[in-house]
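A closer look at the structure
Letter by letter, the chains look like this.
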Amino acid sequence: MPSHQVRIRESILVVGHCVDCMYKSKFKVFNVVGARPNMMKMAPITAEMRRHSDLQPVLVHTGQHYDFAMSQVFLEQLNLGEPDHNLQVGSGTHHAQTAEVMRRFGELVHAERPDLIVVAGDVNSTMACALVGAKELIPVAHVESGLRSFDRTMPEEINRVVTDSVSDILFTTEASAAENLLHEGIDPGKIHFVGNVMVDSLVYALAAARRSPMRDQLGVRWGEYVVLTLHRPANVDDPIRLRATLEAIVKISEDLPVIFPIHPRTASRALELNIAQMQAWSPSEKVGSSGIWTMPPASYIDFLGLVDSAAMVITDSGGIQEETTYLGVPCLTFRDNTERPITITEGTNRLIGTNPQNLLREAQAVLARSLRQVSRNYTPPGLWDGHASERIVSIVRNYLAKSGITVSAAAGRV
Ligand code: UD1
């Protein structure tokens with residue numbers, strides 16, 4: 001072959017290779033999960049990203065939660081699959097855990113140079129990974145941004161404020177969030193009201209949740225039991241407070257059994273109190289018609305099924321306030337504040353403070369009014385419609401397309 005033809009052919013191959021690179025190239029997006037509540041937020045976003053050929057979602061698990069019941073079962077039920085990277089950070093003091101996530105995630109980010117880091121919620125892993133992104137000059141998107149309890153004694157409130165202050169794209173679930181962010185001086189151009197991504201997961205899993213055998217295994221009937229969750233340090237770390245709370249719940253449980261899937265933080269403390277009416281449920285038996293029945297942390301689908309048909313939920317969790325709002329299940333939030341005010345103004349949530357006597361009064365009032373029937377007939381808050389992840393991914397793709405990172409530069413990192 002004449003030499004000029006060789007040169008032309010080589011250049012076609014080079015061009016062909018480049019075109020191929022550009023064609024196959026994707027923006028690399030780190031989707032971070034750490035603790036249980038992150039999983040239901042990141043699952044629909046990751047699934048939606050997998051549908052777009054210009055995105056390469058990479059699932060990074062910090063390992064903040066590591067037990068099968070707190071992590072693996074959620075990955076499986078939400079179709080997240082095995083994480084691409086598990087940093088295996090584990091438990092520790094807040095500062096040690098945060099620092100260790102930063103150290104390990106920092107090394108990964110340094111090696112892999114993602115084009116975007118997506119974090120969700122308010123756990124230690126959320127803040128730690130957002131800080132790494134900010135320091136490595138990699139854009140950060142925060143899902144469930146702007147929620148504020150205005151209580152800086154809650155570790156989650158610190159995590160929310162810090163994460164929002166360093167994030168480049170802020171996805172909000174309700175109107176109060178944008179107000180809070182604007183009040184803190186955040187650029188309005190960064191804020192996007194997209195609705196509630198937890199509701200996407202809920203909508204995805206609800207049919208399976210309604211088929212869950214959990215209720216039958218427990219031996220409870222639709223609308224004839226209460227679900228309890230407690231894990232906030234302020235509620236469970238002091239044994240005197242915890243005893244007073246559980247004794248009030250024992251009184252509530254004289255009318256209906258209380259099902260208590262118990263968080264690891266709470267388990268040893270609550271069991272040490274030796275409250276006679278609080279018993280561990282054994283899967284080979286049905287629960288009694290009264291009393292508090294503890295069980296290991298429930299899987300996502302089993303828990304959703306239990307909440308969906310409960311007479312009432314008593315909780316100090318954030319996400320459960322939203323899930324009960326969507327499902328129309330009466331919820332008593334055993335806290336002095338909530339970062340999710342829409343669950344009160346538009347939902348079925350009541351913020352009742354942390355006085356056990358008040359809890360007893362409020363619970364008896366809910367059960368007496370049979371609010372469960374009434375609360376079925378209302379519309380969920382705006383954009384809590386099962387499509388938040390589509391809106392998020394569309395905004396992410398636009399952001400990346402305009403970010404100045406060229407497709408071929410991204411390809412070099414794949
Ligand atoms: C964390 C989040 C909280 C979230 C909760 C959901 C922060 C600050 N808090 O609280 O916002 O609502 O997760 O569950 O990030 N443990 C296990 N197995 C596990 C995980 C934890 O046994 O898989 C035990 C450990 O002993 C640990 C304790 O639970 O010390 C608390 O875990 P940690 O992740 O520190 O905080 P959570 O209370 O779970």
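See the structure above.
The text that follows walks through the structure, step by step, so that each part is easy to find.

About the cut-offs
Residues numbered from 1 in each chain as written. Predicted model: local features only at pLDDT ≥ 70, side-chain atom pairs only at ≥ 80, totals over all residues. Heavy atoms only, no water. Helix = DSSP H or I, 4+ residues; strand = E, 2+ residues; numbered from the N terminus. Buried < 20%, exposed > 50% of the residue type's maximum accessible area, 1.4 Å probe, protein only. Contact = heavy atoms within 4.5 Å. Areas by Shrake-Rupley, 256 points an atom, 1.4 Å probe, with all protein chains shown as cover. Near = heavy atom within 4 Å. Polar contact = N/O pair within 3.5 Å; in protein donor to acceptor, adjacent residues only side chain to side chain. 1 Å grid on protein atoms, 1.4 Å probe; cavity = no way out; pocket = protein on both sides within 12 Å on 5 of 7 lines; lining within 4 Å. Sits in = over half its atoms within 2 Å of the grid points. Nonpolar A, V, L, I, M, F, W, Y, C, P; charged D, E, K, R; others polar. Pairing = 2+ DSSP bridges. Right-handed = clockwise from strand over helix to strand, strands pointing away. Core = buried A, V, L, I, M, F, W, Y, C linked by side-chain atoms within 4.5 Å. Phe/Tyr/Trp six-rings, centres within 6.5 Å; stacked < 30°, edge-to-face > 60°. Axes fitted to C-alpha atoms, helices over the stretch in contact; angles between N-to-C directions. Parallel < 35°, antiparallel > 145°, perpendicular 65-115°, else oblique.

Along its length, the protein chain carries 19 helices and 14 strands. Counting all 414 residues of the protein chain, 55% fall into the buried class. Long-range pairs, those at least 24 residues apart, make up 70% of the contacts in the protein chain with a sequence separation of at least 6. Surface summary for the protein chain: the accessible area is close to 17,700 Å², and the carbon and sulfur share equals 55%.

Now for the site of the ligand. Gln64, His65, Asp67, Glu156 and Arg265 are the nearest of the 20 residues found near the ligand. His263 places a polar side-chain atom, nitrogen or oxygen, 2.9 Å from an oxygen atom of the ligand. In isolation the ligand has 740 Å² of accessible area, and contact with the protein removes 85% of it. With respect to the pocket detection grid, the ligand is positioned in the largest pocket. Of all elements in the fold, only helix 2 (36-50), helix 4 (94-112), helix 6 (155-166) and helix 12 (264-272) reach the threshold of two or more residues within the shell around the ligand. Along the lines of polarity and charge, the residues of the shell around the ligand split into six nonpolar, nine polar and five charged.

The side-chain alternation of strand 12 (residues 312-315) yields two buried faces, one formed by Met312 and Ile314 and the other by Val313 and Thr315. Sheet topology note: the strand 8 (residues 226-229)/strand 12 ladder contains four bridges and is parallel. Note on strand 12: the bridge partner recorded for Val226 is Met312. Relative to strand 13 (residues 331-333), strand 12 is paired through three bridges, and the arrangement is parallel. Within strand 13, the position partnered with Val313 by the bridge is Cys331. For the crossover that starts at strand 12, traverses helix 14 (residues 319-327) and ends in the parallel strand 13, the hand is right-handed.

Among the residues of helix 3 (residues 68-77), those classed as buried are Met70, Ser71, Val73, Phe74 and Leu75. For helix 3, the secondary structure elements touched by its buried residues are helix 2, strand 2 (55-61), helix 12 and helix 13 (300-308). Of the residues flanking the end of helix 3, it is Asn79, one or two places downstream, whose phi is positive at about 60 degrees.

Our focus in this paragraph is the nonpolar core. Of all hydrophobic cores here, the largest spans 57 residues; its most connected members are Leu218, Ile259 and Tyr300. Of all hydrophobic cores here, the second largest spans 30 residues; its members include Leu228, Leu246, Ile275 and Ala311.

Below, the discussion takes up the side chain of Glu362. Positionally, Glu362 belongs in helix 16 (residues 356-369). Those residues within four positions of Glu362 in sequence are excluded, and the remaining contacts are Leu332, Arg350 and Ile352.

As enumerated under the stated definition, the model contains two aromatic pairs in all. Geometrically, the ring pair formed by Phe74 and Tyr300 is tilted, given 6.3 Å between the ring centres and 50 degrees between the ring planes. Here Phe74, found in helix 3, pairs with Tyr300, found in helix 13; they are 226 residues apart in sequence, far enough to count as distant. Of the residues examined, Tyr300 reaches a relative accessible area of 3% and is grouped as buried.

This brings us to the side chain of Lys41. Positionally, Lys41 belongs in helix 2. With a relative accessible area of 4%, Lys41 lands in the buried category. At 3.1 Å, the side chain of Lys41 and the side chain of Glu144 are in polar contact. Those residues in contact with Lys41 that lie beyond four places of it in its chain are Ala120, Gly121, Glu144, Val197, Met198 and Arg340.

Turning our eyes to something else, we now look at the packing of helix 8 (residues 197-211) against helix 13. The geometry of helix 8 relative to helix 13 is characterised by a closest axis approach of 9 Å and an angle of 80 degrees between their N-to-C directions. As judged from the angle between their axes, helix 8 and helix 13 are roughly perpendicular. Taken together, the residues of helix 13 that come into contact with helix 8 (itself represented by Met198, Ser201, Leu202, Ala205, Leu206, Ala208, Ala209 and Arg210) are Tyr300, Ile301, Leu304, Gly305 and Asp308. Partitioned by chemical class, the residues of the contact of helix 8 with helix 13 number nine nonpolar, two polar and two charged.

By themselves, these observations are geometric and do not establish any function.
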